[in-house]
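Inside the fold
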Amino acid sequence: MKVVVLTGAGISAESGLATFRDADGLWENHRPEDVATPEAFAEDRALVQRFYDERRAVLARVAPNAAHRALAELENLIGDDLFLVTQNIDDLHEQAGSRRVHHMHGELRAAWCVSCDSRMPWTGTLADEPPCPRCGVAALRPDVVWFGEMPYGMDDIHRALFTCDLFVSIGTSGVVYPAAAFVDYAIAGGSDTLELNLERAANSDFRVSRQGLASELVPAWVAELGAGVGG
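Residues numbered from 1 in each chain as written. Predicted model: local features only at pLDDT ≥ 70, side-chain atom pairs only at ≥ 80, totals over all residues. Heavy atoms only, no water.

Taken together, the three strands give an open sheet; going across it, the order is E5-E4-E6, and neighbouring strands pair in antiparallel fashion. Two strands bound the open sheet, and with one partner strand each, they are strand E5 (118–121) and strand E6 (140–144). Across this sheet, the average inter-strand angle for adjacent strands is 40 degrees, counted without regard to direction. Where strand E4 (residues 106–113) lies against E5, four bridges are found, and the strand directions are antiparallel. Its bridge partner being in E5, Cys-113 is matched across the sheet by Ser-118. (Pairing = 2+ DSSP bridges. Helix = DSSP H or I, 4+ residues; strand = E, 2+ residues; numbered from the N terminus. Axes fitted to C-alpha atoms, helices over the stretch in contact; angles between N-to-C directions.)

Right, here's the structure in full:
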């Protein structure tokens with residue numbers, strides 16, 4: 001069975017990371033348009049660099065939860081038949097043991113040099129405008145996908161969605177595109193669909209929807225799937 005799993009902010013919220021946008025419309029006390037667009041970076045580079053430095057620091061203080069660990073177990077169980085794509089820029093999936101994670105929105109612990117187009121792991125600060133280790137130009141930015149930019153690996157993601165047997169969405173709002181359309185692509189390809197979320201997402205086209213905490217729902221689902229594979 002080929003399984004595509006999409007994870008969103010809800011799976012990392014239980015580890016202590018703020019969701020993308022809270023009820024007051026702010027993202028960690030900032031408007032998203034002020035810290036997550038190419039225009040914002042051009043207008044106030046220092047603010048954007050500090051914002052992502054702070055998020056990187058918070059990430060160093062949290063740990064994966066049971067949902068992340070269960071998906072790592074699923075990878076061990078079905079190997080290449082699992083395609084795990086995340087909207088999250090944290091590395092909690094990797095910390096939990098997942099080895100093949102498709103970060104469609106980039107990674108917080110990575111930097112992109114817009115001068116030489118190099119991408120590299122990065123755990124330190126960017127606010128002091130360090131030079132690129134490869135070309136020497138101070139042109140590093142967070143290697144994250146901002147509003148108005150194209151998510152990474154969309155061809156691979158679409159291919160997986162149209163050829164999978166089961167699409168599972170975990171902790172996503174169903175309002176951020178293109179990920180919100182993934183369930184429709186999967187259905188068009190003949191896939192079964194399952195949603196694991198605190199509440200039904202805006203794109204409620206899933207054949208089955210289970211509500212609750214990701215740390216409870218995901219391990220239970222993985223155990224069910226494992227029993228079926230073992231049988």
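From this point, the narrative continues.
Below, the discussion takes up the nonpolar core. Core analysis: the largest hydrophobic core is formed by 22 residues, its most contacted members being Val-3, Val-5, Leu-71, Val-168, Ile-170, Val-218 and Trp-221. If you list the elements that add at least two residues to this core, you get strand E1 (3–7), helix H5 (66–78), strand E2 (82–86), strand E7 (166–170), strand E8 (192–197) and helix H9 (214–230). Here the element with the most residues in this core is H9; it accounts for six residues. Not counting the four nearest positions on each side in its chain, Trp-221 is found in contact with Val-3, Val-5, Leu-71, Leu-74, Leu-166, Val-168, Leu-194, Leu-196 and Arg-210. (Core = buried A, V, L, I, M, F, W, Y, C linked by side-chain atoms within 4.5 Å. Buried < 20%, exposed > 50% of the residue type's maximum accessible area, 1.4 Å probe, protein only. Contact = heavy atoms within 4.5 Å.)

Strand order in the open sheet formed by six strands is E3-E2-E1-E7-E8-E9, with parallel pairing between adjacent strands. Both outer strands of the open sheet, strand E3 (101–103) and strand E9 (208–211), are each paired with one neighbouring strand and no more. Geometrically, the sheet is characterised by an average inter-axis angle of 20 degrees between neighbouring strands, direction not taken into account. By the bridge criterion, three bridges tie E2 to E3 in an arrangement that is parallel. Paired with Leu-84 across the bridge in E3 is Val-101.

In this structure, the second largest pocket spans a volume of roughly 170 Å³. Lining the second largest pocket are Lys-2, Val-3, Val-4, Asp-80, Asp-81, Leu-82, Phe-83, Asp-156, Arg-159, Ala-160, Thr-163 and Cys-164. Counting only elements with at least two residues in the lining of the second largest pocket, the list comes to E1, E2 and helix H7 (154–163). It is H7 that contributes the most residues to the lining of the second largest pocket, four residues altogether. A breakdown of the residues in the lining of the second largest pocket according to their chemical character gives six nonpolar, one polar and five charged. (1 Å grid on protein atoms, 1.4 Å probe; cavity = no way out; pocket = protein on both sides within 12 Å on 5 of 7 lines; lining within 4 Å. Points joined across faces, edges and corners; volume = space filled by probe spheres on them. Nonpolar A, V, L, I, M, F, W, Y, C, P; charged D, E, K, R; others polar.)

All right, on to the domain arrangement of the protein then. Interfaces are often sized by the amount of accessible area the parts lose when they come together. Along its sequence, the protein is organised into domain 1 (1–17 + 64–105 + 151–230) and domain 2 (18–61 + 108–144). Domain 1 and domain 2 are separated by 26 Å when their C-alpha centres are compared. Taken residue by residue, the interface counts 11 residues in domain 1 and 12 residues in domain 2. In total, domain 1 and domain 2 occlude about 920 Å² of area from one another, counting both sides; carbon and sulfur atoms represent 60% of this. Here domain 1 is connected to domain 2 by one salt bridge. Here Asp-91 and Arg-109 are joined by a salt bridge, their closest N and O atoms 2.8 Å apart. The interface formed by domain 1 and domain 2 includes four residue pairs in polar contact (both at pLDDT 80 or more). Taken together, the elements giving at least two residues each to the side of domain 1 that touches domain 2 come down to helix H1 (9–13) and helix H6 (92–96). (Domains from an automatic or database assignment. Buried area = accessible area lost by both parts, 1.4 Å probe. Salt bridge = Lys/Arg side-chain N within 4 Å of Asp/Glu carboxyl O. Polar contact = N/O pair within 3.5 Å; in protein donor to acceptor, adjacent residues only side chain to side chain.)

On to H7. Residues of H7 that are buried include every one of Met-154, Ile-157, Ala-160 and Leu-161, and no others. Burial along H7 is one-sided: seen end-on, the buried residues are contained in an arc of 125 degrees. The exposed set on the far side of H7, more than 90 degrees from its buried face, consists of Asp-155 and Arg-159. Residues of H7 that are buried in the fold lie against E1, E2, E7 and helix H8 (182–188). (Arc of directions from axis to C-beta.)

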